[in-house]
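Residues per chain, in single letters:
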Amino acid sequence: MKEENWMNFQNVEAYLNSLTDTYGLTGLDCKVMRDHQTLFRKCVGFSDVARTKPVSDRDLYDVYSCTKIITMIAAMQCVERGLFYLDDPVEQYIPDFSDMVVVDEFDFGFPMVMPKSSDPMHPAIGKITIRRLMSMISGMSYDLESEAIRETIAKNPHADTLALASAMGRMPLLFEPGTHYFYSLGHDIVAAVVEVVTGMRYRDYLQQSIFNPLGLKDMFLHIPDSEKGRVTAKYSFDPDTQRILPHDGSNDYRLTDCYDSGGAGLCCTVDDYILILDALACGGVAHNGYQLLSQDSIDQLRSPQLNDTCREDFLLGGKIGYSYGLGVRTLVEAEKSRSPVGEFGWDGAAGAYAVIDPINHISFFYTQEVLNMLRCYQEIHPMLRDLIYEAIER
């Protein structure tokens with residue numbers, strides 16, 4: 001690594017060092033790459049609650065919704081192979097999605113109350129397509145406590161991906177497909193569709209088509225017992241006390257031991273995850289020459305999918321200057337960011353942050369492990385993004 005690169009990133013390093021005092025973060029990690037080369041890497045703090053283990057490159061993180069980028073890659077690989085098309089109705093692959101119903105009224109306000117089977121409903125007019133699942137305009141919700149999901153698990157505590165995705169097809173929709181944006185379990189359902197068309201368990205498909213070809217050894221949808229000692233301690237932000245408190249370490253999105261969550265199940269190292277981002281930033285070509293995706297598929301991922309109404313819904317999440325593509329935010333307003341229009345990526349429930357810039361072949365990945373910390377998305381992520389671009393521009 002060239003010394004001048006480290007000098008260029010001195011403001012980024014200072015900012016990362018400040019986060020423990022400013023926000024009370026215990027540990028974090030950040031890595032920046034360009035054209036398969038590392039420009040910057042910084043680990044700060046400790047990976048355990050007792051603060052005896054300094055953060056290292058071997059630490060594993062639950063990256064939650066950063067899993068969705070991986071699932072979008074898997075989906076577009078299937079599209080490239082002609083196994084399905086984006087505008088196919090999901091019922092073509094999972095029959096439980098053939099007779100969807102929509103609640104007559106849904107209050108998007110806070111606190112949000114998810115619908116029950118006893119609520120007034122009517123048949124859905126539109127169809128849920130794979131594209132609508134990927135772009136979060138399907139009408140689905142993120143209700144892990146839905147009657148359909150809980151009944152399925154009660155009957156079979158080891159229910160698999162397809163069984164639980166089928167149960168999701170029995171959940172009422174919040175709105176007509178295509179009329180609003182609402183963050184949902186849609187990508188978990190896409191993972192089940194991948195299972196149907198490939199004839200493989202989702203975890204096995206990822207291993208065969210993404211992880212193994214890139215030489216990734218530290219990416220898991222279910223953490224092996226032998227690796228659990230490497231998992232970074234997890235915390236949760238308490239809005240009442242404004243304190244960051246230790247969490248029990250569980251991931252509620254791994255619904256059973258046989259369920260592969262395409263939306264939030266991934267646990268991995270920063271070094272492994274960023275190699276996927278790096279490939280997407282470099283025309284789909286990985287560091288070892290493997291063609292992960294075509295440039296056309298990458299451009300489809302980052303193409304805005306939301307109409308004006310749906311984008312208004314999306315912007316309630318605070319991602320200023322962005323719209324939403326196929327499972328990723330995508331920058332559409334140049335004046336809102338130091339990154340270029342077309343930069344894309346996503347984040348995770350515990351604070352992970354993925355950035356992909358296919359214009360300049362730049363990628364970076366930031367991790368922390370604090371759930372429910374809204375300031376992370378509103379303040380840390382955009383500040384870190386702009387500081388990194390400022391360093392590169394210098």
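Residues numbered from 1 in each chain as written. Predicted model: local features only at pLDDT ≥ 70, side-chain atom pairs only at ≥ 80, totals over all residues. Heavy atoms only, no water.

A.B. asks: Run through the side chain of Gln-77, naming residues and quoting values.
C.D. replies: On the secondary structure map, Gln-77 appears in helix H3 (residues 67–80). Once residues within four sequence positions are removed from consideration, Gln-77 is found in contact with Tyr-205, Ser-209, Ile-210, Tyr-290, Leu-292 and Leu-293. (Helix = DSSP H or I, 4+ residues; strand = E, 2+ residues; numbered from the N terminus. Contact = heavy atoms within 4.5 Å.)

A.B. asks: A description of the pattern of salt bridges should follow, citing residues and the corresponding values.
C.D. replies: Note on pairing: side chains with opposite charge can pair once their charged atoms come close. In this structure the tally under the stated criterion is 22 salt bridges. Across the pair Asp-96 and Arg-170 runs a salt bridge, and its minimum N-O distance is 3.1 Å. You can see Asp-96 sitting in the loop between H3 and strand E4 (101–103) and its partner Arg-170 sitting in the loop between helix H6 (161–168) and helix H7 (186–198), a full 74 residues away along the chain. Arg-329 is the salt-bridge partner of Glu-343, the closest N and O atoms lying 3.3 Å from each other. Of this pair, Glu-343 sits in the loop between strand E11 (329–331) and strand E12 (344–347) while Arg-329 sits in strand E11; the two residues are 14 residues apart in sequence, bridging distant segments of the chain. Exposure class is identical for Glu-343 and Arg-329. Each is buried. Each of the salt bridges in this network shares a partner with another, and the network as a whole consists of Asp-29, Lys-31, Arg-41 and Asp-271. (Salt bridge = Lys/Arg side-chain N within 4 Å of Asp/Glu carboxyl O. Buried < 20%, exposed > 50% of the residue type's maximum accessible area, 1.4 Å probe, protein only.)

A.B. asks: Give me the confidence of the model for the chain: which residues, what numbers.
C.D. replies: Here the chain shows a mean pLDDT of 96. Residues at 70 or above account for 98%. The model gives residues 1–7 a pLDDT under 50, and that stretch makes seven contacts with residues more than four places away or in other chains. (pLDDT = per-residue confidence, 0-100.)

A.B. asks: Quick one: what's the story with a negative patch on the surface, residue by residue and with numbers?
C.D. replies: On the surface, a cluster of negative charge is contributed by Asp-104, Glu-105, Asp-119, Glu-147 and Glu-151. Assignment of secondary structure puts Glu-151 in helix H5 (residues 147–155). Judged by its relative accessible area of 46%, Glu-151 falls in the partly exposed class. (Patch = residues over 30% accessible without salt bridge, like charges linked within 9 Å, V, L, I, M, F, W, Y side chains within 5 Å. Areas by Shrake-Rupley, 256 points an atom, 1.4 Å probe, with all protein chains shown as cover. Lys, Arg positive; Asp, Glu negative; His and termini not counted. Charge placed at Lys NZ, Arg CZ, Asp CG, Glu CD.)

A.B. asks: Give a description of empty space enclosed by the protein that names residues and reports values.
C.D. replies: For the structure shown, the criterion picks out one cavity of 30 Å³ or more. Counted as a void, the largest cavity has a volume near 50 Å³. Taken together, Thr-26, Gly-27, Phe-46, Ser-47, Asp-48, Thr-232, Ala-233, Tyr-235, Glu-369 and Val-370 form the lining of the largest cavity. By residue class, the composition of the lining of the largest cavity is four nonpolar, four polar and two charged. (1 Å grid on protein atoms, 1.4 Å probe; cavity = no way out; pocket = protein on both sides within 12 Å on 5 of 7 lines; lining within 4 Å. Points joined across faces, edges and corners; volume = space filled by probe spheres on them. Nonpolar A, V, L, I, M, F, W, Y, C, P; charged D, E, K, R; others polar.)

A.B. asks: I'd like a rundown of the pairing of strand E2 (residues 37–45), residues and numbers included.
C.D. replies: Sheet analysis places strand E1 (residues 27–34) next to E2, joined by eight bridges and oriented antiparallel. For Asp-29, the partnering residue across the bridge sits in E2 and is Cys-43. Hairpin geometry of E1 and E2 is characterised by an intervening segment of two residues between the two adjacent antiparallel strands and by a positive phi of about 50° at Asp-35. (Pairing = 2+ DSSP bridges.)

A.B. asks: How would you summarise the layout of surface pockets if you had to cite specific residues and measurements?
C.D. replies: Looking at the largest pocket, its volume works out to about 1,600 Å³. Around the largest pocket sit 35 residues that line it, and Tyr-142, Tyr-183, Gly-317, Leu-374 and Tyr-377 are the ones nearest its centre. For the lining of the largest pocket, the element with the most residues is helix H12 (residues 374–393), which contributes three residues. Looking at the lining of the largest pocket residue by residue, the classes come out as 19 nonpolar, ten polar and six charged.

A.B. asks: Before we move on, could you go through the side chain of Ser-209 and cite the residues and values that matter?
C.D. replies: Within the element layout of this structure, Ser-209 appears in helix H8 (residues 202–214). You can call Ser-209 buried: its relative accessible area is 4%. Setting aside residues no more than four positions away along its own chain, Ser-209 makes contact with Gln-77, Arg-81, Tyr-290 and Leu-292.

A.B. asks: Account for the nonpolar core, with residues named and values stated.
C.D. replies: In terms of nonpolar packing, the biggest core is built from 95 residues, with Ile-69, Phe-84, Met-140, Met-168, Tyr-273 and Phe-365 touching the most fellow members. Every residue in contact with Met-140, bar those within four places of it in the chain, is listed here: Phe-97, Met-100, Ile-128, Leu-133, Met-168, Met-171, Leu-173, Leu-174, Phe-182, Ser-184 and Ile-189. Val-12, Phe-237, Ile-362 and Tyr-377 belong to the second largest nonpolar core, which has 32 residues in total. (Core = buried A, V, L, I, M, F, W, Y, C linked by side-chain atoms within 4.5 Å.)

A.B. asks: Residues and numbers for the sheet that holds strand E3 (residues 61–62), please.
C.D. replies: On the basis of which strands lie adjacent, the open sheet formed by three strands has the order E3-E9-E6 and antiparallel pairing. Single-partner strands in this sheet number two, and they are E3 and strand E6 (219–220). As judged from the two bridges shared by E3 and strand E9 (residues 267–268), these two strands associate in the antiparallel manner. For Tyr-61, the partnering residue across the bridge sits in E9 and is Cys-268.

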